[in-house]
Amino acid sequence: MSHHLEVKNLVKMFGGLIATNEMSFQVAEGESLGLIGPNGAGKTTIFSLIMGELRQTSGSITCFDSEISHLPTHERIQRGICRTYQVPRPFADMNVLENIRVGLMPDSIWQMIMRRPDPEREIELAQSVGFTENDFLRHPSELSIGDLRKLELARTLATDPSVMLLDEVFAGLTVAEIAQMAELINQKREAGMTLVIVSHDLKSLEPLIDRAIAMNYGAIVAEGSFADVMADDQVRATYLGDE
Ligand SMILES: Nc1ncnc2c1ncn2[C@@H]1O[C@H](COP(=O)(O)OP(=O)(O)OP(=O)(O)O)[C@@H](O)[C@H]1O
Ligand SMILES: [Mg+2]
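What counts and what doesn't
- Residues numbered from 1 in each chain as written.
- Chains lettered and ligands numbered in written order.
- Predicted model: local features only at pLDDT ≥ 70, side-chain atom pairs only at ≥ 80, totals over all residues.
- Helix = DSSP H or I, 4+ residues; strand = E, 2+ residues; numbered from the N terminus.
- Rg over C-alpha atoms; globule rule 2.2 N^0.38 Å.
- Buried ≥ 20, exposed ≤ 12 C-beta atoms within 10 Å, placed from the backbone.
- Contact = placed C-beta atoms within 7 Å.
- Pairing = 2+ DSSP bridges.
- Near = placed C-beta within 6 Å.
- Nonpolar A, V, L, I, M, F, W, Y, C, P; charged D, E, K, R; others polar.

Trainee: It is not clear to me how the overall build of the chain should be interpreted in this structure. Could you clarify?
Mentor: Counting secondary structure elements, the chain contains 10 helices and 10 strands. Here the chain has a C-alpha radius of gyration of 18 Å; the compact-globule value for 243 residues is 18 Å, and the two agree. Seen through its principal axes, the chain has C-alpha atoms that stretch 55 × 40 × 35 Å. Expressed as a percentage of its 243 residues, the buried residues of the chain come to 35%. A sequence separation of at least 24 residues applies to 66% of the contacts in the chain between residues at least 6 apart.

Shown next, in the form of structure tokens:
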């Protein structure tokens, strides 16, 4: 069976530290997978490897059976893969619409010259994540963490993805912002987007996923339904302090 995304025996060493230790998992098309684990477990590293922002020490990454682990990041984005960052990374001197424009920009200079800006699409994307006209010209320094996370989402949606890797999308948000973010993710899920969601906020994560993987020290500890994973002894020991 062809998987939307598959990592096989993925290893990432940082010097002597094994951040990713023989990880193998698959994500089906339209599936929503939750990735959980304590600080330093290696969740963000997996995203960076899938995007090609870090190069794996060994192992393979495929998208619909096609090996992508040798491709530069922009070619992986062209294949419909995108990510958000745990710490939002907006361009500080650009406003909301301009930040979204960067996501809409194709990556080669040649295409950039050939392609006209698309202000309507920028506004549509901004509104799709809940920004109103009052927000369009705001700069990142004027935005709350909730708005910065919405901007991350809009910027990645601008690349027209089919699989989104969402890193700690709920961190730092108010209860109302969490509900809004969950609603946005749910819309994408219902539209058939393939999702991998990293979150420490398990309560918010649970209703958004079909399946969960718990990891620790760069390796998978438990895999299955959310309930099964949470019932695992090792996972319980990590999250609940059980012996
Ligand atoms: N660029 C890097 N250079 C060296 N070590 C790194 C680098 N990036 C991550 N690490 C280490 O790799 C391990 C995994 O880090 P990673 O950021 O992937 O964890 P995480 O599960 O995302 O943690 P958190 O929940 O805190 O975000 C950690 O021990 C971290 O210190
Ligand atoms: Mg992380």
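Trainee: It is not clear to me how the environment of Leu173 should be interpreted in this structure. Could you clarify?
Mentor: Among the structural elements, Leu173 can be located in the loop between strand 7 (163–167) and helix 7 (175–190). For the pair Leu173 and Lys203, spaced 30 residues apart in sequence, the C-alpha separation works out to 14 Å. Sequence-distant contacts of Leu173, defined by excluding residues within four places in its chain, comprise Ile145, Gly146, Arg149, Ile178 and Met181.

Trainee: Please clarify how the sheet that holds strand 1 (residues 5–14) should be interpreted in this entry.
Mentor: Within a beta sheet, neighbouring strands are joined by backbone hydrogen bonds and run either parallel or antiparallel to one another. The strand order across the open sheet built from four strands is 2-1-4-5, with neighbouring strands paired in antiparallel fashion. Strands at the two margins of the open sheet, each flanked by one partner only, are strand 2 (17–27) and strand 5 (66–67). As judged from the two bridges shared by strand 4 (residues 58–63) and strand 5, these two strands associate in the antiparallel manner. Each residue of the ladder has a partner; that of Thr62, found in strand 5, is Glu67.

Trainee: What is the right way to look at the site of ligand 1 in this model?
Mentor: Every residue lining ligand 1 is accounted for by Phe14, Leu17, Ala19, Gly37, Asn39, Gly40, Ala41, Gly42, Lys43, Thr44, Thr45 and Gln86. Partitioning the shell around ligand 1 into residue classes produces four nonpolar, seven polar and one charged.

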